[in-house]
Amino acid sequence: IHVRDSHDDVIELLRTHGQGLRGVFHCFSGDVAQAEECLSFEGFVLSFAGPLTKQGNALPDVARMVPLNRVMVETDSPYLIPKPVKAHRNEPLFVKHTAAKLAEIRGMTLDEIALVTTANAVRLFGLGEIPHEIV
């Protein structure tokens, strides 16, 4: 679900029709209160993209509070280029910058956050067994 300037409408739709659904709040861009509302739907995770690496938003606060088993990272390629990249087009390779920022915020290593977010993606999308080293 990509919510842009319609958080209240999307939450209301999920309250009415979203019980038992699973999914991702893609490129989450809200604040802590909105994140808490989104996380009230147990089957959903929050995914961070390039804006997590930039100043002037509430995303670092959200990244601190979201449970580790409910977080993912993404590129949103070709948009939302993370800092410090100075490209005109986002690439999947650049997701490492978003993951590194998430790791910094959470006081973890990049490897640890990569394991956590990979396990969450495997679980959410039913991609098979989670490798033992990720569990």
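Predicted model only: the values in this text are computed from it and were never measured.

1. Comments concerning the overall build of the protein
1) Next: Secondary structure summary: the protein contains five helices and three strands in total.
2) Next: Sequence-ordered secondary structure for the protein, helices as α and strands as β, is α-β-α-β-α-β-α-α.
3) Next: Taking 14 Å as the expected radius of gyration for a compact globule of 135 residues, we find that the protein reaches 15 Å, a close match to that expectation.
4) Next: Overall size of the protein, expressed as C-alpha extent along the three principal axes, is 40 × 40 × 25 Å.
5) Next: Relative to its 135 residues, the protein shows a buried fraction of 41%.

2. Description of the side chain of Asn120
1) Next: The residue Asn120 is located in helix α5 (residues 110-125) in this model.
2) Next: Relative accessible area serves as the criterion here: at 3%, Asn120 is assigned to the buried category.
3) Next: A distance of 2.8 Å separates a polar atom in the side chain of Asn120 from the backbone oxygen of Leu68.
4) Next: Polar side-chain contacts of Asn120 include one of 2.6 Å to the side chain of Arg123.

3. Structural notes on the side chain of Thr98
1) Next: Mapped onto the fold, Thr98 is located in helix α4 (residues 95-106).
2) Next: According to the relative accessible area criterion, Thr98 is buried, its value standing at 1%.
3) Next: Non-local contacts of Thr98, meaning those with residues more than four positions away in its chain, are made with Phe48, Ala49, Gly50, Leu52, Thr53, Val73, Glu74 and Pro82.

4. A short note on the packing of helix α1 (residues 7-17) against helix α2 (residues 32-39)
1) Next: At their nearest, the axes of α1 and α2 sit 10 Å apart, and the two run at 20 degrees to each other. If you check the angle between α1 and α2, you find them roughly parallel. Crossing of α1 over α2 shows left-handed handedness. Of the residues in α2, those in contact with His7, Ile11 and Arg15 of α1 are Gln34, Glu37 and Cys38.

5. A look at α4
1) Next: Taking 1.5 Å of rise per residue, the twelve residues of α4 would be expected to cover 16 Å, and the 17 Å separating its terminal C-alpha atoms lies within 8% of that figure.
2) Next: Buried positions along α4 lie against β2 (44-48), α3 (59-65), β3 (71-73) and α5.
3) Next: Gly107 occupies a position one or two residues after α4 and carries a positive phi of about 70 degrees.

So, how was this worked out
- Position numbers for residues count from 1 along each chain, tracking the sequence in the order it is written.
- Local features are withheld for residues below a pLDDT of 70 in this predicted model, meaning they are given only at 70 or higher, and side-chain atom pairs are given and counted only at 80 or more; totals for whole chains, interfaces and linings count all residues.
- Excluding hydrogens and water, the side-chain figures rest on all heavy atoms present in the structure.
- Secondary structure elements are defined from DSSP: runs of H or I of at least 4 residues count as helices, runs of E of at least 2 residues count as strands, and each element is numbered from the N terminus.
- Restricting the calculation to C-alpha atoms gives the radius of gyration, and the globule rule supplies 2.2 Å times the number of residues raised to the power 0.38.
- A 1.4 Å probe rolled over the protein chains alone gives each residue an accessible area, and that area as a share of the maximum for its type sets the label: buried under 20%, exposed over 50%, partly exposed in between.
- Here a polar contact is taken to be a pair of N or O atoms separated by no more than 3.5 Å, where protein atoms must pair a possible hydrogen donor with a possible acceptor and residues adjacent in sequence count only if both atoms sit in side chains.
- Contacts between residues were defined by any pair of non-hydrogen atoms, one from each residue, lying within 4.5 Å.
- Axis angles are defined between N-to-C directions and span 0 to 180 degrees, where every axis is a line fitted to C-alpha atoms and, for a helix, only to the segment in contact.
- Angular relationships are summarised with four words: roughly parallel below 35 degrees, roughly antiparallel beyond 145, roughly perpendicular across 65 to 115, and oblique for the angles in between.
- By definition, turning the near helix anticlockwise from the far helix through less than a right angle yields a left-handed crossing, and turning it clockwise yields a right-handed one.
- The span expected for a helix works out to 1.5 Å for each residue beyond the first.

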